[in-house]
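# Fold and geometry: a report
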Amino acid sequence: NSPYMWPLKWAADYESHSMPAYTDEVVFHAKGRTYYALDKNWKRSDTVYQKGVLRTIGQSPCSEEDIDPDFAEKGLLGCWKNQTDYMTTMLHLGNMMYFLSYRDNVTDALRPGETDPSKIDECISIDLAVIGNIRPDWFLDKRGDDTDVQYLGNQHVYYSDENRTSIPKLVKQWRKKDFASQYFVMSMMGNPPNRMENNATDNIPVEDTLHWPLILNIPGEGFGDDQLQVYRNHALLTDDDDDLFTLVQRYEAMGGVCGNARGGDDDASDIGPPVLEEEAYIPSDLEVDPNSWVSNEYTFSPVWQVPTQEMGDENDDDGGDDAASAAASSGKATTRVSDRLTVQSCHDTATNTIDLSFHFHDIAPSSTTALLPWMAIGYRSSDVCAMTPLEGGSTPLVLVATPPNESAPTVYKTELPPEAKSMSSEAFATMYANMVPLEDVEGDVVYGDVVLESALLADPTAAARASSPFGGEDDVVSLRYRQSLDEDSAPDAMYLMYAIGMSSELGIHETRGCFELVSFPVCMTDGEDAVQVEIDGNNSDGERENGEEGADASSSGMVTARAASALSSAVIAMAVFGVMV
């Protein structure tokens, strides 16, 4: 109910310009009208003009002669457009996206908002799996994984009105960080027309009381160029306007067919967003700058509570007592990665192993199968948050999973292939086939003392309960193991990622993230004094906040490490760890 959220049903003319990073050169220009019915997860966009090279994903099919060869060499999609005298339509309905072109010989001129399905010449579709439309308050809060928001307040800007005349406008602005560690800038109208008339209420249409979206700055998210989009001629829609969005349904009822944009059949590889090469990352001028970014959530909702600022340790948050207790009892560094994962780490100098404990929170068995979801820890090859190594190959995984025809999870070692990003059933079958119980792994790195504990399991062991600071919580699954080291000392950093599945079967996850472990105090033995170690899991700039590089608990009494959760670009996370580039 925030006055600054988008209406559920609305429409507006749009005009957008695309600019590559490090330049103000406009390489693409488009105009049209967009329509939303967000209460039904529907969006429509009628484009009447587009010229230049459009470099992004989620665009209409591109003929071979219009493909940008330089962009194609990078594994990306760039398409030259020269649409100046006809209209095309995109419909995003739930998880399905449709691209419509119209017949040349239609009697009536085509205009935005066309609802006659007999005028359609061709319909192309893409199944985007879990990708739907945005929620109307998407930019106001930081709900979701690896996201943040920065309310900026009021600012006067020059706004291009219906006559393409630049006029001053007051806007309220929010920055919204996505999981690609890039950000959108949403500028909402500050002074609706009724406020301009001293808050007049008599005979004022509801449209004149709304804070409409005016300007949206859109990052390329690693797949293309940044965009600046302006909205004009806003209008509210009602249920009577649903025929705008049912065009495809009525076209198919007439016998029309919407072909697959990827030219495939119903194989799982043709589902989800396009899969690009990991190294094909396009920079953006809207990358999060840690020197300027400040988390500041403010929604103006009447039911939203302003966070209170309490005196005390700035690192205190939910789970802090558990983390402190864990550190006091084991001497381990405790990293709160997210609301769903807490990690403990220390270096056992006697065995030259790293002792790791991963506590997955808010875990619930399936209501239909009673099985726990899969949980995974991935070992990244560098500080780049990528699903698989940029140099190619698979990512090593420690996987908590219930194999087919089994009823309880086991801890395995396996590999995550790049093909999993497209939800390939063959890739998941390969992952199952390559699973080896973690304690049975042979090679340069071996694992021992593997313990899986949870009140959700049939028979948690007493030893496991004693090792977990969350043993009394019913929705926590704790995984502990020791990992051998090649060197005689603890690593400077371990680059990891995690995911929690939506079900027991390998596939789409419900949460994921990247993080680093940089603190490995010496593991305690019986009789030693505990070392209090606290970790700030929200420091995303990669620099330690206390002490010099390499400082440890014994020298400072408290060390700070980061749990960086900046995912590089993708439009959505898919498969096991998502499409991370």
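Our structure's up above, just so we're on the same page.
Residues numbered from 1 in each chain as written. Predicted model: local features only at pLDDT ≥ 70, side-chain atom pairs only at ≥ 80, totals over all residues. Heavy atoms only, no water.

## Description of the overall build of the protein
- Looking only at helices and strands, the protein features seven helices and 24 strands.
- A separation threshold of at least 6 residues defines the contact pool for the protein, and within that pool the share at least 24 residues apart is 66%.
- Taken as a whole, the protein presents about 27,000 Å² of accessible surface, with 46% of it coming from carbon and sulfur. (Helix = DSSP H or I, 4+ residues; strand = E, 2+ residues; numbered from the N terminus. Contact = heavy atoms within 4.5 Å. Areas by Shrake-Rupley, 256 points an atom, 1.4 Å probe, with all protein chains shown as cover.)

## Regarding the sheet that holds strand 16 (residues 353-360)
- Ordered by their spatial adjacency, five strands build an open sheet running 14-15-16-22-21, and the pairing between neighbours is antiparallel. Sheet topology places strand 14 (333-338) and strand 21 (447-453) at the edges, where each strand pairs with a single neighbour. Neighbour to neighbour, the strand axes of the sheet diverge by 15° on average, direction disregarded.
- Pairing of strand 16 with strand 22 (residues 477-484), which is carried by eight bridges, proceeds in the antiparallel orientation. Within strand 22, the residue paired with Ile354 across the bridge is Gln483. (Pairing = 2+ DSSP bridges. Axes fitted to C-alpha atoms, helices over the stretch in contact; angles between N-to-C directions.)

## Concerning unusual backbone geometry
- At Tyr22, a position not held by glycine, the phi torsion is positive, near 70°.
- By secondary structure assignment, the location of Tyr22 is in the loop between strand 1 (9-19) and strand 2 (28-37).
- Unlike most non-glycine residues, Asn352 shows phi in positive territory, near 50°.
- Relative to the helices and strands, Asn352 is located in the loop between strand 15 (341-348) and strand 16.
- On the accessibility criterion, Asn352 (18% relative accessible area) is buried. (Buried < 20%, exposed > 50% of the residue type's maximum accessible area, 1.4 Å probe, protein only.)

## A word on the packing of aromatic side chains
- Inspection of every chain in the model, using the stated rule, returns 21 aromatic pairs.
- On the basis of an interplanar angle of 50° and a centroid distance of 6.2 Å, the ring pair of Trp10 and Trp212 is categorised as tilted. On the criterion of sequence distance, the pair formed by Trp10 in strand 1 and Trp212 in the loop between helix 2 (193-196) and strand 11 (213-218) is long-range, its members being 202 residues apart. Both residues of the pair, Trp10 and Trp212, count as buried.
- Directly above the aromatic system of Tyr49 lies the positively charged group of Lys31, at a separation of 4.9 Å from the ring centroid.
- The aromatic ring of Tyr183 is capped on one face by Arg175, whose charged end is 4.6 Å from the ring centroid. (Phe/Tyr/Trp six-rings, centres within 6.5 Å; stacked < 30°, edge-to-face > 60°. Lys NZ or Arg CZ within 6 Å of the ring centre and 35° of its normal.)

## Observations concerning the sheet that holds strand 24 (residues 509-517)
- Taking strand neighbours across the sheet as the criterion, the six strands line up as 20-19-18-17-23-24 in an open arrangement whose pairing is antiparallel. The outermost strands of the open sheet, each flanked by one partner alone, are strand 20 (436-437) and strand 24.
- As paired elements, strand 17 (residues 375-379) and strand 18 (residues 395-401) share four bridges and run antiparallel to each other. Following the sheet pairing, Ile377 is matched in strand 18 by Val398.

## Digging into helix 5 (residues 425-433)
- Buried within helix 5 we find Ala427, Phe428 and Met431. For helix 5, the buried positions fall inside an angular range of 95° around the axis, keeping them on one side. Facing away from the buried side of helix 5 by over 90 degrees, the exposed positions are Glu426 and Ala433.
- Of the surrounding elements, those touching the buried residues of helix 5 are strand 18 and strand 19 (410-416). (Arc of directions from axis to C-beta.)

## Digging into the pairing of strand 19
- Along strand 19, five of the seven residues are buried, which leaves the element largely enclosed by surrounding structure.
- As judged from the seven bridges shared by strand 18 and strand 19, these two strands associate in the antiparallel manner. Its bridge partner lying in strand 19, Val398 is registered against Lys413.
- Two strands pair when backbone bridges link them, and strand 19 and strand 20 are joined in this way by two bridges, in the antiparallel orientation. Within strand 20, the position partnered with Lys413 by the bridge is Val436.

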